[in-house]
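Examination of the molecular architecture
Chain by chain, the residues:
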Amino acid sequence: MFERIFDKKTSVALGSFDGLHIGHRAVVMNAAGEADRGLVPVVLLFDEHPLSAIKNAPPEAITTREELENEIKTLNAVPVTVSFKSIMNMTPEEFVDTILVGMLNAGAVSCGFNFRFGKNSSGNPEILKKLCRDRNIKLIITDEVDYLGSPVSSTRIRKAISDGDMISARNMLGHNFYYVFTVESGDRIGRTLGFPTINQFFPDNFAIPKFGVYASTAYVENKPYPAVTDIGIRPTLEHKKPRSETNIIGFSGDLYYKKIKIELLKFIRPEIKFSSLDELKIQIAKDSKTAKEIYEKAKK
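Residues numbered from 1 in each chain as written. Predicted model: local features only at pLDDT ≥ 70, side-chain atom pairs only at ≥ 80, totals over all residues. Heavy atoms only, no water.

Orientation of helix H5 (residues 92–103) relative to helix H6 (residues 125–134), taken along the N-to-C sense of each, is 50°, at an axis distance of 10 Å. Taken together, the axes of H5 and H6 are oblique relative to one another. The chirality of how H5 crosses H6 is right-handed. Of H6, the residues touching H5 (which contributes Pro-92, Glu-93, Val-96 and Leu-100) are Ile-127, Leu-128 and Leu-131. Along the lines of polarity and charge, the residues of the contact of H5 with H6 split into six nonpolar, no polar and one charged. (Axes fitted to C-alpha atoms, helices over the stretch in contact; angles between N-to-C directions. Helix = DSSP H or I, 4+ residues; strand = E, 2+ residues; numbered from the N terminus. Parallel < 35°, antiparallel > 145°, perpendicular 65-115°, else oblique. Left-handed = near helix turned anticlockwise from the far one by under 90°. Contact = heavy atoms within 4.5 Å. Nonpolar A, V, L, I, M, F, W, Y, C, P; charged D, E, K, R; others polar.)

Applying the stated criterion across every chain yields a total of 15 salt bridges. With a closest N to O distance of 2.7 Å, Asp-18 and Arg-158 form a salt bridge. With Asp-18 in the loop between strand E1 (10–13) and helix H1 (22–32) and Arg-158 in helix H7 (residues 154–162), this residue pair connects regions lying 140 residues apart in the sequence. Here Asp-18 falls in the buried class, since its relative accessible area comes to 17%. Among the salt bridges present, the one from Lys-261 reaches Glu-263, with a minimum N-O distance of 3.7 Å. Each of Glu-34, Arg-37 and Lys-138 takes part in one network of salt bridges that share partners. (Salt bridge = Lys/Arg side-chain N within 4 Å of Asp/Glu carboxyl O. Buried < 20%, exposed > 50% of the residue type's maximum accessible area, 1.4 Å probe, protein only.)

Time to look at the side chain of Arg-25. Position of Arg-25 relative to the elements: it lies in helix H1. What makes Arg-25 buried here is its relative accessible area of 16%. Setting aside chain neighbours within four positions, we find Arg-25 in contact with Leu-20, Glu-71, Leu-75, Leu-173 and His-175.

Let us look at the environment of Lys-281. Looking at where Lys-281 falls in the secondary structure, it is placed in helix H10 (residues 277–299). The exposure class of Lys-281 is partly exposed, given its relative accessible area of 39%. Along the backbone, Lys-281 and Phe-195 are 86 residues apart, and their C-alpha atoms lie at a distance of 8.2 Å.

Right, let's talk about the sheet that holds strand E12 (residues 243–248) for a bit. Here we have six strands laid out as an open sheet, ordered E8-E13-E10-E11-E12-E9, and antiparallel in their pairing. Where the open sheet ends on each side, the last strands, each with one partner, are strand E8 (178–182) and strand E9 (198–201). Looking at each pair of strands side by side, their axes are set apart by 35° on average, direction ignored. The sheet contact formed by E8 and strand E13 (residues 259–269) spans five bridges and is antiparallel. Paired with Val-180 across the two strands is Lys-261, which belongs to E13. Along the sheet, helix H8 (residues 166–173) makes contact with strand E10 (212–220) and E13, crossing E13 at roughly 130°. (Pairing = 2+ DSSP bridges.)

Before going further, it helps to examine the layout of surface pockets. Approximately 1000 Å³ is the volume attributed to the largest pocket. For the lining of the largest pocket, the secondary-structure elements that each account for two or more residues are H1, strand E2 (40–46), helix H2 (50–55), helix H4 (84–87) and H7. Among the residues making up the lining of the largest pocket, the classes are represented as 18 nonpolar, 16 polar and six charged. Counted as a void, the second largest pocket has a volume near 400 Å³. For the lining of the second largest pocket, the secondary structure elements donating two or more residues are E2, H2 and helix H3 (65–74). Split by residue class, the lining of the second largest pocket holds nine nonpolar, eight polar and six charged. (1 Å grid on protein atoms, 1.4 Å probe; cavity = no way out; pocket = protein on both sides within 12 Å on 5 of 7 lines; lining within 4 Å. Points joined across faces, edges and corners; volume = space filled by probe spheres on them.)

The following block contains the structure:
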(Lines give C-alpha, C1' and ligand atoms only; values in the text may rest on other atoms or scores of the structure.)
Protein backbone atom coordinates (compact mmCIF):
# COMPACT_ATOMS: atom_id res chain seq x y z
CA MET A 1 0.00 0.00 0.00
CA PHE A 2 2.86 2.37 0.81
CA GLU A 3 5.47 1.23 -1.67
CA ARG A 4 8.63 3.28 -2.08
CA ILE A 5 8.19 6.05 -4.63
CA PHE A 6 11.70 7.53 -4.83
CA ASP A 7 15.00 5.74 -5.31
CA LYS A 8 16.90 8.95 -4.50
CA LYS A 9 16.79 10.43 -1.02
CA THR A 10 14.14 13.09 -0.57
CA SER A 11 13.56 16.22 1.49
CA VAL A 12 9.95 16.14 2.67
CA ALA A 13 7.81 19.15 3.65
CA LEU A 14 5.13 18.25 6.19
CA GLY A 15 1.99 20.16 7.13
CA SER A 16 -1.68 20.66 6.41
CA PHE A 17 -1.27 22.51 3.15
CA ASP A 18 -4.84 23.75 2.64
CA GLY A 19 -3.72 26.88 0.84
CA LEU A 20 -0.07 27.71 0.34
CA HIS A 21 0.36 30.79 2.56
CA ILE A 22 3.70 32.37 3.52
CA GLY A 23 4.10 30.08 6.52
CA HIS A 24 3.57 27.00 4.34
CA ARG A 25 5.94 28.43 1.75
CA ALA A 26 8.68 28.81 4.34
CA VAL A 27 8.34 25.10 5.21
CA VAL A 28 8.40 24.07 1.54
CA MET A 29 11.33 26.32 0.72
CA ASN A 30 13.33 24.88 3.63
CA ALA A 31 12.70 21.44 2.18
CA ALA A 32 13.61 22.63 -1.31
CA GLY A 33 16.86 24.06 0.01
CA GLU A 34 18.10 20.51 0.54
CA ALA A 35 18.23 20.02 -3.24
CA ASP A 36 21.75 21.43 -2.99
CA ARG A 37 22.68 18.18 -1.23
CA GLY A 38 21.14 16.11 -4.01
CA LEU A 39 17.83 15.43 -2.24
CA VAL A 40 14.52 15.54 -4.14
CA PRO A 41 12.17 18.15 -2.58
CA VAL A 42 8.74 16.63 -1.87
CA VAL A 43 5.54 18.06 -0.35
CA LEU A 44 3.31 15.49 1.34
CA LEU A 45 -0.36 16.24 0.72
CA PHE A 46 -3.53 14.53 1.92
CA ASP A 47 -6.42 13.54 -0.30
CA GLU A 48 -8.78 15.39 2.04
CA HIS A 49 -8.46 17.93 4.82
CA PRO A 50 -7.82 16.20 8.18
CA LEU A 51 -10.95 17.80 9.66
CA SER A 52 -12.97 16.19 6.88
CA ALA A 53 -11.84 12.74 7.98
CA ILE A 54 -11.91 13.41 11.73
CA LYS A 55 -15.07 15.52 12.11
CA ASN A 56 -16.66 15.42 8.65
CA ALA A 57 -16.34 19.21 8.72
CA PRO A 58 -13.71 20.39 6.24
CA PRO A 59 -12.94 24.13 6.21
CA GLU A 60 -13.57 26.10 3.05
CA ALA A 61 -10.85 25.69 0.43
CA ILE A 62 -8.64 28.70 -0.28
CA THR A 63 -7.42 27.18 -3.53
CA THR A 64 -8.30 24.19 -5.68
CA ARG A 65 -6.16 21.06 -5.54
CA GLU A 66 -4.98 21.68 -9.10
CA GLU A 67 -3.76 25.19 -8.31
CA LEU A 68 -2.20 24.06 -5.02
CA GLU A 69 -0.12 21.46 -6.86
CA ASN A 70 0.84 24.03 -9.50
CA GLU A 71 2.07 26.41 -6.80
CA ILE A 72 4.12 23.64 -5.17
CA LYS A 73 5.76 22.88 -8.50
CA THR A 74 6.74 26.54 -8.92
CA LEU A 75 8.69 26.12 -5.66
CA ASN A 76 10.63 23.28 -7.31
CA ALA A 77 9.02 20.56 -5.22
CA VAL A 78 7.09 17.42 -6.11
CA PRO A 79 3.56 17.05 -4.65
CA VAL A 80 2.79 13.54 -3.38
CA THR A 81 -0.69 12.65 -2.12
CA VAL A 82 -1.64 9.99 0.44
CA SER A 83 -5.01 9.04 1.88
CA PHE A 84 -5.39 10.76 5.24
CA LYS A 85 -7.66 8.01 6.54
CA SER A 86 -4.91 5.48 5.79
CA ILE A 87 -2.41 7.24 8.05
CA MET A 88 -4.55 9.01 10.69
CA ASN A 89 -4.34 6.15 13.21
CA MET A 90 -0.62 5.54 12.86
CA THR A 91 1.60 6.21 15.87
CA PRO A 92 4.30 8.83 15.30
CA GLU A 93 6.84 6.01 14.97
CA GLU A 94 4.71 4.20 12.40
CA PHE A 95 4.25 7.39 10.38
CA VAL A 96 7.98 8.07 10.27
CA ASP A 97 8.93 4.48 9.44
CA THR A 98 6.11 3.73 6.99
CA ILE A 99 5.67 7.06 5.20
CA LEU A 100 8.83 9.11 5.61
CA VAL A 101 11.38 6.28 5.53
CA GLY A 102 9.55 3.52 3.68
CA MET A 103 7.50 5.35 1.06
CA LEU A 104 9.38 8.63 0.60
CA ASN A 105 12.98 7.58 1.36
CA ALA A 106 13.46 10.78 3.37
CA GLY A 107 16.92 12.11 4.08
CA ALA A 108 15.57 15.40 5.40
CA VAL A 109 12.23 16.63 6.77
CA SER A 110 10.86 20.16 7.10
CA CYS A 111 7.89 21.13 9.29
CA GLY A 112 6.40 24.11 11.09
CA PHE A 113 6.89 24.99 14.75
CA ASN A 114 3.36 23.77 15.59
CA PHE A 115 3.25 20.64 13.42
CA ARG A 116 1.24 17.73 14.86
CA PHE A 117 1.03 14.20 13.50
CA GLY A 118 0.15 10.64 14.45
CA LYS A 119 -2.99 9.26 16.09
CA ASN A 120 -4.86 11.89 18.11
CA SER A 121 -2.15 14.42 17.12
CA SER A 122 0.19 12.72 19.59
CA GLY A 123 3.33 13.71 17.67
CA ASN A 124 4.96 17.15 17.76
CA PRO A 125 8.26 18.67 16.55
CA GLU A 126 10.12 17.48 19.65
CA ILE A 127 9.02 13.88 19.12
CA LEU A 128 9.76 14.18 15.41
CA LYS A 129 13.24 15.49 16.23
CA LYS A 130 14.06 12.36 18.26
CA LEU A 131 12.58 10.00 15.67
CA CYS A 132 14.52 11.67 12.86
CA ARG A 133 17.76 11.74 14.84
CA ASP A 134 17.49 8.00 15.54
CA ARG A 135 17.04 7.36 11.81
CA ASN A 136 19.76 9.76 10.64
CA ILE A 137 17.23 12.14 9.03
CA LYS A 138 17.88 15.88 9.11
CA LEU A 139 14.99 17.86 10.61
CA ILE A 140 14.35 21.54 9.84
CA ILE A 141 11.76 23.23 12.06
CA THR A 142 10.42 26.49 10.61
CA ASP A 143 9.80 29.32 13.07
CA GLU A 144 6.46 31.07 13.45
CA VAL A 145 5.64 33.40 10.55
CA ASP A 146 3.61 36.41 11.71
CA TYR A 147 1.41 39.04 10.12
CA LEU A 148 0.32 42.05 12.22
CA GLY A 149 1.67 40.37 15.35
CA SER A 150 -0.13 37.03 15.04
CA PRO A 151 0.77 33.74 13.33
CA VAL A 152 -0.28 33.44 9.71
CA SER A 153 -2.90 30.73 9.30
CA SER A 154 -5.42 29.49 6.76
CA THR A 155 -8.16 30.38 9.27
CA ARG A 156 -7.08 34.04 9.28
CA ILE A 157 -6.92 34.05 5.49
CA ARG A 158 -10.45 32.66 5.22
CA LYS A 159 -11.65 35.42 7.57
CA ALA A 160 -9.91 38.08 5.47
CA ILE A 161 -11.52 36.70 2.29
CA SER A 162 -14.98 36.62 3.86
CA ASP A 163 -14.45 40.21 5.05
CA GLY A 164 -13.38 41.36 1.59
CA ASP A 165 -9.97 42.31 3.02
CA MET A 166 -7.88 41.43 -0.01
CA ILE A 167 -4.87 43.36 1.29
CA SER A 168 -4.53 41.14 4.36
CA ALA A 169 -5.26 38.03 2.29
CA ARG A 170 -2.49 38.99 -0.15
CA ASN A 171 0.01 39.70 2.61
CA MET A 172 -0.61 36.33 4.26
CA LEU A 173 -0.78 34.32 1.03
CA GLY A 174 2.26 35.97 -0.51
CA HIS A 175 0.22 36.72 -3.64
CA ASN A 176 -3.20 38.05 -4.58
CA PHE A 177 -6.13 35.80 -3.71
CA TYR A 178 -7.20 34.18 -6.96
CA TYR A 179 -9.32 31.44 -8.50
CA VAL A 180 -9.31 29.67 -11.85
CA PHE A 181 -12.76 28.47 -12.91
CA THR A 182 -14.47 27.66 -16.19
CA VAL A 183 -16.42 30.47 -17.85
CA GLU A 184 -20.08 29.52 -18.09
CA SER A 185 -23.02 30.96 -19.97
CA GLY A 186 -24.79 33.87 -18.28
CA ASP A 187 -27.84 35.98 -19.03
CA ARG A 188 -25.84 38.38 -21.27
CA ILE A 189 -27.25 41.46 -19.53
CA GLY A 190 -23.78 43.00 -19.24
CA ARG A 191 -23.35 42.79 -23.00
CA THR A 192 -26.56 44.75 -23.59
CA LEU A 193 -25.29 47.43 -21.18
CA GLY A 194 -22.01 47.78 -23.06
CA PHE A 195 -20.00 45.90 -20.42
CA PRO A 196 -19.74 42.22 -21.47
CA THR A 197 -18.87 39.93 -18.57
CA ILE A 198 -17.69 36.39 -17.93
CA ASN A 199 -19.56 34.29 -15.39
CA GLN A 200 -17.78 31.79 -13.12
CA PHE A 201 -19.35 29.74 -10.35
CA PHE A 202 -17.66 28.70 -7.12
CA PRO A 203 -17.37 24.99 -6.35
CA ASP A 204 -18.90 23.64 -3.15
CA ASN A 205 -17.03 24.49 0.04
CA PHE A 206 -14.79 27.09 -1.59
CA ALA A 207 -14.00 30.32 0.28
CA ILE A 208 -16.37 32.87 -1.29
CA PRO A 209 -15.31 36.51 -0.83
CA LYS A 210 -17.57 39.10 0.72
CA PHE A 211 -20.34 39.99 -1.70
CA GLY A 212 -19.57 43.15 -3.60
CA VAL A 213 -17.53 44.71 -6.37
CA TYR A 214 -13.74 44.32 -6.61
CA ALA A 215 -10.91 45.70 -8.67
CA SER A 216 -9.32 42.65 -10.22
CA THR A 217 -6.88 41.23 -12.74
CA ALA A 218 -8.06 38.76 -15.38
CA TYR A 219 -5.59 36.55 -17.22
CA VAL A 220 -6.41 35.55 -20.80
CA GLU A 221 -3.78 33.21 -22.24
CA ASN A 222 -1.45 34.39 -19.46
CA LYS A 223 -1.87 38.05 -20.44
CA PRO A 224 -3.10 40.29 -17.58
CA TYR A 225 -5.97 42.72 -18.09
CA PRO A 226 -7.50 45.22 -15.68
CA ALA A 227 -10.95 44.05 -14.66
CA VAL A 228 -13.88 44.68 -12.35
CA THR A 229 -15.48 41.69 -10.64
CA ASP A 230 -18.87 41.41 -8.96
CA ILE A 231 -19.11 38.64 -6.36
CA GLY A 232 -22.58 37.71 -5.18
CA ILE A 233 -26.13 37.15 -6.30
CA ARG A 234 -26.64 40.37 -8.30
CA PRO A 235 -29.70 41.69 -6.41
CA THR A 236 -30.86 43.88 -9.29
CA LEU A 237 -31.36 40.73 -11.39
CA GLU A 238 -32.48 38.59 -8.41
CA HIS A 239 -30.12 35.67 -8.87
CA LYS A 240 -29.79 33.18 -6.03
CA LYS A 241 -26.56 31.26 -6.61
CA PRO A 242 -23.35 33.21 -5.80
CA ARG A 243 -21.16 33.82 -8.79
CA SER A 244 -18.13 35.75 -9.97
CA GLU A 245 -19.01 38.09 -12.82
CA THR A 246 -16.09 39.95 -14.41
CA ASN A 247 -15.86 42.70 -17.00
CA ILE A 248 -12.40 42.45 -18.57
CA ILE A 249 -11.40 45.98 -19.51
CA GLY A 250 -9.83 46.27 -22.96
CA PHE A 251 -10.61 42.70 -24.04
CA SER A 252 -13.20 41.42 -26.46
CA GLY A 253 -13.58 37.81 -27.48
CA ASP A 254 -15.32 34.55 -26.74
CA LEU A 255 -14.12 32.94 -23.50
CA TYR A 256 -16.99 30.50 -22.97
CA TYR A 257 -15.91 27.19 -21.41
CA LYS A 258 -12.32 28.36 -20.99
CA LYS A 259 -10.58 28.45 -17.61
CA ILE A 260 -9.77 32.04 -16.66
CA LYS A 261 -7.71 33.19 -13.69
CA ILE A 262 -9.15 36.07 -11.66
CA GLU A 263 -7.11 37.86 -8.98
CA LEU A 264 -9.03 40.10 -6.57
CA LEU A 265 -7.06 43.26 -5.80
CA LYS A 266 -9.29 45.43 -3.64
CA PHE A 267 -12.89 45.70 -2.46
CA ILE A 268 -14.64 48.70 -4.05
CA ARG A 269 -18.21 48.62 -2.76
CA PRO A 270 -20.96 46.29 -1.51
CA GLU A 271 -23.70 44.93 -3.76
CA ILE A 272 -26.53 47.35 -4.41
CA LYS A 273 -30.01 46.76 -5.79
CA PHE A 274 -30.58 49.38 -8.50
CA SER A 275 -33.99 50.65 -9.52
CA SER A 276 -33.23 50.32 -13.24
CA LEU A 277 -30.70 48.88 -15.68
CA ASP A 278 -29.76 52.43 -16.72
CA GLU A 279 -28.80 53.18 -13.11
CA LEU A 280 -26.80 49.94 -13.03
CA LYS A 281 -25.01 50.90 -16.27
CA ILE A 282 -23.90 54.25 -14.81
CA GLN A 283 -22.54 52.55 -11.70
CA ILE A 284 -20.69 49.89 -13.71
CA ALA A 285 -18.92 52.66 -15.65
CA LYS A 286 -17.84 54.26 -12.36
CA ASP A 287 -16.68 50.89 -10.98
CA SER A 288 -14.67 50.17 -14.12
CA LYS A 289 -12.88 53.51 -13.86
CA THR A 290 -12.06 52.89 -10.19
CA ALA A 291 -10.94 49.33 -10.86
CA LYS A 292 -8.58 50.38 -13.65
CA GLU A 293 -7.00 53.02 -11.40
CA ILE A 294 -6.43 50.42 -8.66
CA TYR A 295 -4.99 47.98 -11.21
CA GLU A 296 -2.56 50.55 -12.59
CA LYS A 297 -1.45 51.54 -9.10
CA ALA A 298 -0.92 47.88 -8.14
CA LYS A 299 1.38 47.39 -11.16
CA LYS A 300 3.83 50.03 -9.94
